[in-house]
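So the chains spell out like this:
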Amino acid sequence: MGSRVRGNDDRQVQLAVNIVVLASIYALISCGYVLIYRVSRVLSLAHGELMLLGAYGLYTTASLFSRSPLLAVAMALLLAAVIGLLVYALLMRRMTGESVLAAVLVTIALGILVRGLTVLIWSTQERHPLNLLGWGNASLPIGAARISGVGLAFVVITAALYGGLYIFLRYTHWGIRMRAAGQNPLLAAQRGINLHAVYALAWALATFTGGIAGMLIACDNALDQTMVTIGLKAFPAALVGGLDSLLGALAGSLIVACAEVLLIYYVDPLLSEVVPFAVLIAMLVVRPWGLFGSREELDRV
Amino acid sequence: MHSRIIVAAALAALAQAVAAQDAYVVGVTGAMTGPQAGILAPVVEMAGAYVNHINGRGGINGKQVRLVVADDQGEPSRAAANAKKLVSQDNVVLLLNSSVSSTYAPVVAEAKRAGVPLYYAGAVCPKETYPPADALQFCSTAFGATLDSQAALDFIKRNSKEPVRLGLAGMAIPVSRGEIDYAEGLAKKLGMTPVDKEITPPPTPDYTPFATKLKDANPNWMWAWSPWFAQVRTYEAMRRIGWQGRYITWAHLNAEEELARIKDPDFYVIGTNAFFEDSLPIQAEIRAVAHRGNVKYPVTYLTEGYIVGVVIETALKNAGWPPTPQKVAGAMSKLKVDLKGLRGGPLEWTKDNHFRTRQYYRVWHWDAQKNAVVRVQDWQAIDVARQ
């Protein structure tokens, strides 16, 4: 349809920018799936709802501290981490020793509860936390392409977060404890590692990263119940990379985003719905444990 | 102990049945939660507030009205279960559907099986309500398939000095895709050039990939018809990558508030409900009813729900007492409601037309000089019977 007016090089730069932004969104969301699964072997199907809760946290703090946007953001980030801690302390802790399926079902119930609570507290009205913070979402040039301010924030924050997590997991005591608990919880417990503290930390980190993703999506688009569906859209990216690998989540997100953006542009936009799952099916056929996942964890997936 | 519980439950059920027999019972299956709830739940909440307002004034024909609301989350299976319960257990005399179009088929089946009139309230009007209408299906919702595209493209044509290169945006749901396909054909007949048509998924985390394709097709006008979030997020993504054309889209419940947020003179909305900038006396009443009913949405969202309340009141009043679904359907097929300026004319249903006889459209945008939402087209009528 119609003649395309943009030059070939310009178009490719814009498509590359689109891929990087979408991959960052998926990577930031799927990070939460991986952190919880890697440490506790629980698949959290309430991740979209916890993103939603994190975004509503920003909306609330932005309403309360609209004159101090940085304070509002800091409070919202803290709130997201505390919510993760509470979810573990009040709910998931009781699932220790139960079957994996039971724990997954509890996360589904948690999701339903969170969805209901958000409607009761904030109604279904679309919200715009960015306006409350007094910030705009400027359009920034990158060569011949353009990127939104929030889109750029997605890329920078995702890169910083993955870098930070790498350092944390590799070089800090708590990071090493988390890896040990994920690798062999029984042995880790016998060596004196407090498993409940480690699991609580994993939930806090996952809700914190998911909360950031929710806040950024709410700032880029708007805050409403559609966030839950977006949370689930990143799940195939985590599976493609391997559910227990952060590097895998990054690679999976890049592959899914690349396929999605290119098919939207060159084939049919309707394919964007099925692309992540098509990539996932292809991966399950070739390498069921994902690009960087552990083979022995296949039965749990 | 068990026998006491059973007796208590039986008494409670009996009391509910007795109370129901002494009231008009109206059922709603609606997307009160879920992705589409933002534009549907306010309609049901305001209709509920209006029913409370009626009851506060002594009811209809001396009887109270009971509104039974069941959330279907926009899922067909839940809507089917809700409809079944409402017609068979609650014995409703009128069933409302305030949900997405994918719930229609199972709800219609249940309503027809029970012979209960089905009223689309806030949900898009299906073609069965257009002439020649199905005997049991009625609709007062502002937006109407095919008519909206006719009105929007007419506005574009009248406001373009240069040839129109039209971009189209919809969402991957049947009703939106159908409308955008229709608009594409209509644009060609009107001498416009449709340059691209993008259908976005419901929903997606980033609309920029779709916007990139649309922008590269170089439209000077865009027409989008889908749920609000898809319409406006496509527009915002296009602006962020530098598109500078004009964009017209459907004025959903939140349009007045959104125009004031977006503040772009080249972003237009077309709709059939008056905005609150009119400050009509009836809008003061909407505000009062919403306040008494403790409705938590902004008053600018509530016109549609208020109209639903007035339609229910008029239909039940004309059906008399005791009501039956047949009597209510009969009253609805000759219903006429004076909307007192909320729309361009009265809402009128006839035996063959359960949509409305004339559909009136206005267009608004943000005026940067006046720093206000401004009307750029007053009521333009389309004669539905001649379609």
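Not measured: the values here are computed from a predicted model.

(A) Here's a closer look at the pairing of strand S2 (residues 64-71) of chain B. All names here are of chain B. In the sheet, strand S1 (residues 23-30) pairs with S2 via eight bridges, with the strands oriented parallel. Among the inter-strand pairings, Thr-29 is bridged to a residue of S2, identified as Ala-70. Following the backbone out of S1, through helix H2 (residues 37-56) and into the adjacent parallel S2, one traces a crossover that is right-handed.

(B) Quick look at the pairing of strand S13 (residues 358-367) of chain B. Residues and elements named next belong to chain B. Burial of S13 is extensive: seven of the ten residues sit out of reach of the surface. Of the strand pairs in this sheet, strand S10 (residues 267-271) and S13 are connected by four bridges, and their pairing is antiparallel. Looking at the pairing, Val-269 lines up with Trp-364 of S13. In textbook terms, the turn of a hairpin is the stretch between consecutive antiparallel strands, and for S13 and strand S14 (residues 372-383) this stretch comprises four residues, one of which, Asn-371, has a positive phi near 55 degrees.

(C) Region of interest: the sheet that holds strand S5 (residues 137-139) of chain B. Residue and element names in this part refer to chain B. Judged by pairing direction, the sheet is parallel, and its five strands sit side by side in the order S2-S1-S3-S4-S5 without closing on themselves. Only two strands of the sheet have a single neighbouring strand rather than two, namely S2 and S5. Between one strand axis and the next, the sheet turns by 25 degrees as a mean value, whatever way the strands run. Both strand S3 (residues 94-98) and strand S4 (residues 118-120) contribute to a ladder of three bridges, which runs parallel. Bridge pairing links Leu-96 to Tyr-119 in S4. Taken strand by strand, H2 contacts S1, S2 and S3, and its axis lies near 160 degrees from that of S2.

(D) Inspection of the nonpolar core at higher detail. Membership of the largest hydrophobic core comes to 225 residues, with the highest contact counts inside it found for Ala-55 and Ala-202 of chain A together with Leu-94, Trp-223 and Ile-270 of chain B. In terms of domain composition, this core takes at least three residues from each of domain 1 (2-142 + 278-359) and domain 2 (147-273 + 361-386) of chain B. Ignoring anything within four residues of it in the chain, the contact list for Trp-223 of chain B reads Ala-152, Leu-153, Ile-156, Leu-166, Leu-168, Ala-183 and Ile-248 of chain B.

(E) Looking closely at the packing of H2 of chain B against helix H11 (residues 303-319) of chain B. Residue and element names in this part refer to chain B. Where H2 meets H11, the axes come as close as 7 Å, and the angle between the chain directions of the two elements is 45 degrees. Taken together, the axes of H2 and H11 lie oblique to each other. For the pair H2 and H11, the sense of crossing is right-handed. Here Pro-42, Val-43, Val-44, Glu-45, Met-46, Ala-47, Tyr-50, Val-51 and Ile-54 of H2 lie close against H11, whose contacting residues are Glu-304, Gly-305, Tyr-306, Val-308, Gly-309, Ile-312 and Glu-313. When the residues that make up the contact of H2 with H11 are grouped by side-chain class, the tally is eleven nonpolar, two polar and three charged.

(F) Looking closely at the packing of helix H6 (residues 149-171) of chain A against helix H9 (residues 195-220) of chain A. Residues and elements named next belong to chain A. Look at H6 against H9: their axes get within 10 Å of each other, and the N-to-C directions meet at 170 degrees. On the basis of their axis angle, the class for H6 and H9 is roughly antiparallel. Contacts from Val-150, Gly-151, Ala-153, Phe-154, Ile-157 and Leu-161 in H6 reach Thr-209, Ile-212, Leu-216, Cys-219 and Asp-220 in H9. In terms of residue class, the contact of H6 with H9 is built from eight nonpolar, two polar and one charged.

(G) The arrangement of unusual backbone geometry in detail. Residues and elements named next belong to chain B. The residue after Pro-202, namely Pro-203, is reached through a cis peptide bond having omega -10 degrees. Here Pro-203 shows up in the loop between strand S7 (193-200) and helix H7 (208-216). Residue Pro-322 is reached from Trp-321 by a cis peptide bond, and omega for that bond is 0 degrees. Unlike most non-glycine residues, Asn-218 shows phi in positive territory, near 60 degrees. Mapped onto the fold, Asn-218 is located in the loop between H7 and strand S8 (221-224). Taking the number of C-beta atoms within 10 Å as the measure of exposure, Asn-218 has 17 and is therefore partly exposed.

(H) Focus on the domain arrangement of chain B. All names here are of chain B. Domains assigned within chain B are domain 1 (2-142 + 278-359) and domain 2 (147-273 + 361-386). The centre of domain 1, based on its C-alpha atoms, is set 30 Å off from the matching centre of domain 2. At the junction of the two partners, domain 1 supplies 24 residues and domain 2 supplies 23 residues. Secondary-structure elements contributing two or more residues to the side of domain 1 that touches domain 2 are H2, H11 and S13. Taken together, the residues of the side of domain 1 that touches domain 2 break down into twelve nonpolar, eight polar and four charged.

(I) Quick peek at the environment of Gly-97 of chain A. Note that Gly-97 of chain A resides in the loop between helix H3 (69-90) and helix H4 (100-122). For the pair formed by Gly-97 of chain A and Ile-142 of chain A, sequence separation is 45 residues and the distance between their alpha carbons is 51 Å.

(J) Seen up close, the interface of chain A and chain B. The partner chain B presents 36 residues to the 41 residues of chain A that form the contact. For the side of chain A that touches chain B, the secondary structure elements donating two or more residues are helix H1 (8-40), H4, strand S2 (145-148), helix H10 (227-233) and helix H12 (246-266) of chain A. Considering only residue class, the side of chain A that touches chain B consists of 15 nonpolar, 16 polar and ten charged.

(K) Layout of the sheet that holds S13 of chain B. Residues and elements named next belong to chain B. Here seven strands make up an open sheet; going across it, the order is S7-S6-S8-S9-S10-S13-S14 and the pairing mixed. Among the strands making up the open sheet, the edge pair consists of S7 and S14. When the angles between neighbouring strand axes are averaged without regard to direction, this sheet yields 20 degrees. By the bridge criterion, four bridges tie S8 to strand S9 (residues 246-250) in an arrangement that is parallel. For Ala-224, the partnering residue across the bridge sits in S9 and is Thr-249. Strand contacts of helix H6 (residues 174-189): strand S6 (165-171), S7 and S8, with the helix running at about 165 degrees to S6, the strand carrying the most contacts. Taken strand by strand, H7 contacts S6 and S7, and its axis lies near 175 degrees from that of S7.

Analysis parameters
Residues numbered from 1 in each chain as written. Chains lettered and ligands numbered in written order. Predicted model: local features only at pLDDT ≥ 70, side-chain atom pairs only at ≥ 80, totals over all residues. Pairing = 2+ DSSP bridges. Helix = DSSP H or I, 4+ residues; strand = E, 2+ residues; numbered from the N terminus. Right-handed = clockwise from strand over helix to strand, strands pointing away. Buried ≥ 20, exposed ≤ 12 C-beta atoms within 10 Å, placed from the backbone. Axes fitted to C-alpha atoms, helices over the stretch in contact; angles between N-to-C directions. Contact = placed C-beta atoms within 7 Å. Core = buried A, V, L, I, M, F, W, Y, C linked by C-beta atoms within 7 Å. Domains from an automatic or database assignment. Parallel < 35°, antiparallel > 145°, perpendicular 65-115°, else oblique. Left-handed = near helix turned anticlockwise from the far one by under 90°. Nonpolar A, V, L, I, M, F, W, Y, C, P; charged D, E, K, R; others polar.

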